[in-house]
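Below, each chain spelled out in residue letters.
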Amino acid sequence: MKIAYWNRGIFRGQGGAEVCAAQLLNALCRRGETCFLLAHCPDKNAAGTAIQDLDDRITVYQGHFANPLDNPTGPFDVVARSVRYLFSSMALLVWLSRRRVQVIHLHFVNLDVLLLLAFKRLLGYRLVVTFHGME
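Here the structure is a predicted model, which is why all the values come from computation and not from measurement.

Caption draft 1: A look at unusual backbone geometry. Unlike most non-glycine residues, R100 shows phi in positive territory, near 50°. Within the secondary structure, R100 sits in the loop between helix 2 (75-99) and strand 4 (103-106).

Structure below.
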């Protein structure tokens, strides 16, 4: 089975959820599953980019998936972020269609759930969403 784990903040540092995500992916790889990690590219000024030891068999895909409405510095910033999110989304659609992922696990409910629901209709994968106390 081909499983993708979406955690766009995993390269910003290690919290408990990020450690659990790495452990889950490693365990699935040991079971023989094909695993992918989908994440946001860290900003140039991001503090931590290291994550817990990931199995070498896990393919990491990074795009610009920052929420355009999070801490905008002005209206042009929202537009620029939205355009970057749109282009990253289209590149992700092509990438996912080539790999025929069967399950995507979304780590955190945010704007990305709308994107993954739209892609689900096109690609036919199963979408698993984890709700946390913040949602």
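Let's pick the thread back up.
Caption draft 2: Examining the nonpolar core more closely. Residues W6, L38, L92, L96 and I104 are the most contacted members of the largest nonpolar core, which totals 20 residues. Secondary-structure elements contributing two or more residues to this core are strand 1 (2-6), strand 2 (34-40), helix 2, strand 4 and helix 3 (112-123). Considering each element in turn, this core owes the most residues, 5 residues, to helix 2. Look past the residues within four positions of I104 in its chain and what remains in contact with it is A4, W6, L96, L116, Y125, R126, L127 and V128.

Caption draft 3: A look at the pattern of salt bridges. By the definition in use, this model includes 3 salt bridges. When the shortest N-O distance is used, the salt bridge between E33 and R31 registers 3.2 Å. Since its relative accessible area comes to 15%, E33 is described here as buried. Under the relative-accessibility criterion, R31 is labelled exposed at 63%. Notably, a salt bridge pairs R57 with D55, separated by 2.7 Å at the nearest N-O pair.

Caption draft 4: Molecular detail of the environment of E33. Summarising the element assignment, E33 is placed in the loop between helix 1 (16-30) and strand 2. On a C-alpha basis, the gap between E33 and R57 in space is 9.7 Å, while along the polypeptide they are 24 residues apart. Discounting residues that sit within four places of it in the chain, E33 has contacts with M1, I3 and L28. There is a polar contact of 3.2 Å between the side chain of E33 and the side chain of R31.

Caption draft 5: The packing of aromatic side chains, seen in detail. Counted under the stated rule, the structure contains 2 aromatic pairs. Ring centres of F36 and W95 lie 5.2 Å apart, and the angle between their planes is 85°; this geometry places the pair in the edge-to-face category. Taken as a pair, F36 in strand 2 and W95 in helix 2 lie far apart in primary sequence, 59 residues in all. Taken individually, F36 and W95 each receive the classification buried, so the pair is uniform in this respect. Where Y61 meets W95, the ring centres are 4.8 Å apart and the plane angle is 40°; that geometry is what we call tilted. Here Y61, found in strand 3 (residues 59-63), pairs with W95, found in helix 2; they are 34 residues apart in sequence, far enough to count as distant. Of the residues examined, Y61 reaches a relative accessible area of 12% and is grouped as buried. Assessed through its relative accessible area of 11%, W95 is described here as buried. An aromatic cluster is built from F36, Y61 and W95, whose rings are joined through pairwise contacts.

The rules behind each value
- Numbering of residues starts from 1 in every chain and runs along the sequence as written.
- It should be noted that, the model being predicted, local features are given only for residues of pLDDT at least 70 and side-chain atom pairs only at 80 or more, the latter also being counted only at that level, while totals for whole chains, interfaces and linings use all residues.
- Each side-chain value is derived from all of the structure's non-hydrogen atoms; neither hydrogens nor water enter the calculation.
- A helix here means a DSSP run of H or I that spans at least four residues, while a strand means a run of E at least two residues long, and both kinds are numbered starting from the N terminus.
- Here, nonpolar core refers to any group of buried Ala, Val, Leu, Ile, Met, Phe, Trp, Tyr and Cys residues whose side-chain atoms link them within 4.5 Å.
- Summary of the burial criterion: residues with accessible area below 20% of their type's maximum are buried, those above 50% are exposed, and those between are partly exposed, where the area comes from a 1.4 Å probe applied to protein chains only.
- Every residue pair with non-hydrogen atoms within 4.5 Å of one another is taken to be in contact.
- When a carboxyl oxygen of Asp or Glu is within 4 Å of a side-chain nitrogen of Lys or Arg, the pair counts as a salt bridge.
- Polar contacts, as used here, are pairs of N or O atoms within 3.5 Å; protein pairs need one atom able to donate a hydrogen and one able to accept it. Residues neighboring in sequence count only if both atoms are side-chain atoms.
- What counts as a ring pair is set by centres within 6.5 Å for rings of Phe, Tyr and Trp (its six-membered ring), and what kind of pair is set by the plane angle: stacked under 30 degrees, edge-to-face over 60, tilted for all other angles.

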